[in-house]
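# Breakdown of the fold
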Amino acid sequence: MGFARTCSVALVGVEGVVVEVQADLEPGVAAFTLVGLPDKSLTESRDRVRAAVVNSGGEWPQKKLTVGLSPASVPKGGSGFDLAVACAVLGASERIDPRVLADIVMIGELGLDGRVRPVRGVLPAVLAAADAGYEQVVVPECTAAEASLVPGVSVLGVRSLRQLVAVLTDEPVPDEEPEEAGRPDPMLAGLCVPGTGVGTGLSGALDDAHALDLAEVVGQTSARTAVEVAAAGSHHLFLQGPPGAGKTMLAERLPAILPRLSREESLEVTAVHSVAGMLPPGRPLVDVAPYCAPHHSATMQSLVGGGKGIARPGAVSLAHRGVLFLDEAPEFSSQSLDSLRQPLESGHVVIARSAGVVRLPAKFLMVLAANPCPCGRHTLLGDGCECPASVVRRYQARLSGPLLDRVDLKVEVEPVTRSELAGYGTPGETTRTVADRVRAARERAVARLVGTGWRTNSEVPGHALRTRWPAAPGALDAAELDLERGFLTARGLDRVLRVAWTVADLAGHDRPSAQDVALALQLRTGIARGVPMAIGSGT
């Protein structure tokens with residue numbers, strides 16, 4: 001009887017569980033049994049592994065073969081177990097020393113010719129292996145850079161099963177024929193899901209050479225200020241205005257003024273996009289804020305995550321540490337919009353399915369854009385809107401009160417005038433200028449919040465703001481009066497105070513003044529408070 005074991009990783013959402021792959025050979029009729037709660041794609045690995053071993057020059061054991069995946073209670077799917085199953089079988093047949101395999105984690109799909117093909121989710125899988133104490137990982141060669149992002153782990157990238165067997169048996173490593181120059185590499189097909197990438201906006205955010213510039217936005221002083229405040233404090237933003245005023249242009253330029261992600265944040269974002277199959281080729285680490293803009297026909301499952309079996313990341317997770325832009329927000333279904341209320345508060349999504357419970361990260365900056373009415377001309381002077389008042393009310397009521405109460409900044413985007421289009425006015429600031437100011441404001445916030453676990457003003461609870469970092473004396477009088485009049489909720493008052501701190505950080509103030517609070521109120525309620533909309537004006 002022969003026995004061998006090695007390890008692989010099963011992904012549950014964006015978290016990994018180390019799985020022990022055991023192979024047992026017994027005398028009897030030749031058969032291959034795979035146990036341990038595998039799905040259809042994993043069950044098919046029996047044929048892939050057999051063909052890969054034979055075509056790699058190995059001998060398939062003509063005995064009763066049982067491969068077990070432990071723990072058996074964890075659902076397992078995908079083709080990433082192929083490499084571990086093949087090596088466990090070769091270890092049980094004594095082609096490889098079983099003692100060499102015991103402490104190695106193997107991730108990869110096998111082609112019928114023995115080539116090792118990449119799979120999605122390599123980074124979270126290697127992170128799980130490192131957390132479990134494993135120090136050696138074998139992955140497909142084209143994902144070795146992604147796996148190497150995890151510190152303290154020795155990564156071996158292989159192109160074929162023959163190469164891996166040679167390494168494990170101390171034999172000369174054979175050379176594999178490289179792909180012909182100019183031809184697409186079929187090995188990269190396993191890293192991406194068809195139809196993703198460009199549609200999410202991630203690819204555009206990663207390319208600094210083609211980053212969109214705020215200077216291209218004509219006019220819109222109030223909206224530009226709101227975008228800057230949103231970026232500095234990670235506050236949610238609602239842009240309302242007629243078609244063609246520049247709402248989408250402003251939202252598309254918001255990721256470029258956000259600071260680059262820290263190392264920890266980059267690993268979080270990269271893990272989500274790796275599982276979703278959306279990592280750009282040649283860029284294993286996402287170090288800039290992602291941008292996701294789903295169409296208004298998106299279902300609730302596509303927004304928050306879901307699908308058959310174990311839930312997959314949705315748009316809110318793909319926008320983690322970045323921007324989620326919902327254009328034509330009233331056209332989204334009410335169920336889809338209201339499903340965002342919980343992740344907006346908690347920063348994560350918990351999805352319960354019959355196959356298990358998955359917790360997905362979802363700390364994003366939400367930007368809503370909407371027309372004032374179905375025809376879009378409700379607020380335009382001299383251009384009549386034919387929508388009845390009841391239709392306008394129903395259209396605007398599609399965005400529920402509880403959802404809008406979680407939005408910190410609400411701005412009316414005015415139509416662009418002829419003189420502004422002709423360039424007679426003062427040109428707007430560039431993205432680089434605004435990004436420098438946002439980065440300085442973030443640094444002030446981080447210095448103030450050091451040791452608390454919070455990094456942006458939007459994360460700080462209202463009680464902590466009122467007790468540990470109070471505003472200037474009398475600065476909150478106008479906000480408290482609005483609370484008494486019913487214009488603000490208790491949550492709204494806390495959010496006004498958070499925005500006031502962001503305005504103070506942008507203006508370089510030690511704490512919010514009455515003018516900072518007035519600007520925060522003006523940005524939240526849309527009611528003029530007699531203060532200029534430019535940061536620091538008049539101070």
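### Some words on the overall build of the protein chain
The secondary structure content of the protein chain amounts to 23 helices and 16 strands. Its C-alpha atoms give the protein chain principal-axis dimensions of about 85 × 50 × 45 Å. The 539 residues of the protein chain split such that 49% are buried. Here the contacts in the protein chain between residues at least 6 apart in sequence split such that 72% fall between residues at least 24 apart. Put simply, the protein chain shows about 23900 Å² of open surface, and 52% of that area lies on carbon and sulfur atoms. On the protein chain, the mean spot of the 52 positive side-chain charges and the mean spot of the 60 negative ones are 5 Å from each other.

### Remarks on the side chain of Ser274
Looking at the element boundaries, Ser274 is found in helix 11 (residues 263-276). What makes Ser274 buried here is its relative accessible area of 4%. Discounting residues that sit within four places of it in the chain, Ser274 has contacts with Arg120, Gly121, Val122, Leu123, Pro124, Glu146 and Leu279.

### Quick word on unusual backbone geometry
In this structure, the amide linkage connecting Ser70 to the following residue, Pro71, adopts the cis form with an omega of 5 degrees. Following the sequence through the fold, Pro71 ends up in the loop between strand 4 (64-70) and helix 3 (82-92). One non-glycine residue, Asp170, lies in the positive phi region at around 60 degrees. Along the polypeptide, Asp170 turns up in the loop between helix 7 (161-168) and helix 8 (202-206). On the accessibility criterion, Asp170 (73% relative accessible area) is exposed.

### Some details on the environment of Thr169
Secondary-structure assignment places Thr169 in the loop between helix 7 and helix 8. For the pair Thr169 and Ala289, spaced 120 residues apart in the sequence, the C-alpha separation amounts to 44 Å. Residues in contact with Thr169, not counting those within four places in the same chain, are Arg95 and Ile96.

### Some remarks on the nonpolar core
Most often, soluble globular proteins keep nonpolar side chains buried together rather than apart. By size, the foremost hydrophobic cluster in this structure holds 58 residues, and its most contacted members are Leu237, Val367 and Leu523. In terms of residue count, helix 22 (residues 490-507) provides more of this core than any other element does, 8 residues in total. Beyond its immediate chain neighbours, meaning those up to four positions away, Leu237 contacts Ala226, Val227, Ala230, Met366, Val367, Leu368, Val407, Leu409 and Val411. Among the nonpolar cores identified, the runner-up in size contains 38 residues, and Ala4, Val85, Cys87 and Leu110 belong to it.

### So, the environment of Val503
Relative to the helices and strands, Val503 resides in helix 22. In this structure Val503 comes out as buried when scored by relative accessible area, which is 2%. Sequence separation between Val503 and Ala520 is 17 residues; the distance between their C-alpha atoms is 7.4 Å. Leave out the neighbours within four places in its chain, and Val503 touches Val229, Asp516, Leu519 and Ile535.

### Quick notes on the packing of helix 2 (residues 45-55) against helix 3
Packing of helix 2 against helix 3 leaves a shortest axis separation of 10 Å and a crossing angle of 60 degrees. Taken together, the axes of helix 2 and helix 3 are oblique relative to one another. Here helix 2 runs over helix 3; the crossing is right-handed. Where helix 2 abuts helix 3, its residues Ser45, Arg48, Val49 and Val53 lie against Asp82, Val85, Ala86 and Leu90. Residue composition of the contact of helix 2 with helix 3, by class: 5 nonpolar, 1 polar and 2 charged.

### Regarding the packing of helix 9 (residues 221-233) against helix 10 (residues 247-257)
The geometry of helix 9 relative to helix 10 is characterised by a closest axis approach of 10 Å and an angle of 40 degrees between their N-to-C directions. As far as their axial angle goes, helix 10 and helix 9 are oblique. Between helix 9 and helix 10 lies a crossing of right-handed hand. Only Leu250, Leu254 and Ile257 of helix 10 make contact with helix 9, whose side of the interface consists of Ala223, Arg224, Val227, Glu228 and Ala231. Residue composition of the contact of helix 9 with helix 10, by class: 6 nonpolar, no polar and 2 charged.

### Notes on the sheet that holds strand 16 (residues 409-412)
One open sheet holds the 5 strands; their spatial order is 11-12-15-10-16, and the pairing between them is parallel. In this open sheet, the two edge strands, each paired with only one partner strand, are strand 11 (291-292) and strand 16. By the bridge criterion, 4 bridges tie strand 10 (residues 237-240) to strand 15 (residues 365-370) in an arrangement that is parallel. Paired with Gln240 across the bridge in strand 15 is Ala370. Along the sheet, helix 9 contacts strand 10, strand 15 and strand 16; its crossing angle with strand 16, the most-contacted strand, is approximately 165 degrees.

Scoring rules and cut-offs
- Residues numbered from 1 in each chain as written.
- Predicted model: local features only at pLDDT ≥ 70, side-chain atom pairs only at ≥ 80, totals over all residues.
- Heavy atoms only, no water.
- Helix = DSSP H or I, 4+ residues; strand = E, 2+ residues; numbered from the N terminus.
- Buried < 20%, exposed > 50% of the residue type's maximum accessible area, 1.4 Å probe, protein only.
- Contact = heavy atoms within 4.5 Å.
- Areas by Shrake-Rupley, 256 points an atom, 1.4 Å probe, with all protein chains shown as cover.
- Lys, Arg positive; Asp, Glu negative; His and termini not counted.
- Charge placed at Lys NZ, Arg CZ, Asp CG, Glu CD.
- Core = buried A, V, L, I, M, F, W, Y, C linked by side-chain atoms within 4.5 Å.
- Axes fitted to C-alpha atoms, helices over the stretch in contact; angles between N-to-C directions.
- Parallel < 35°, antiparallel > 145°, perpendicular 65-115°, else oblique.
- Left-handed = near helix turned anticlockwise from the far one by under 90°.
- Nonpolar A, V, L, I, M, F, W, Y, C, P; charged D, E, K, R; others polar.
- Pairing = 2+ DSSP bridges.

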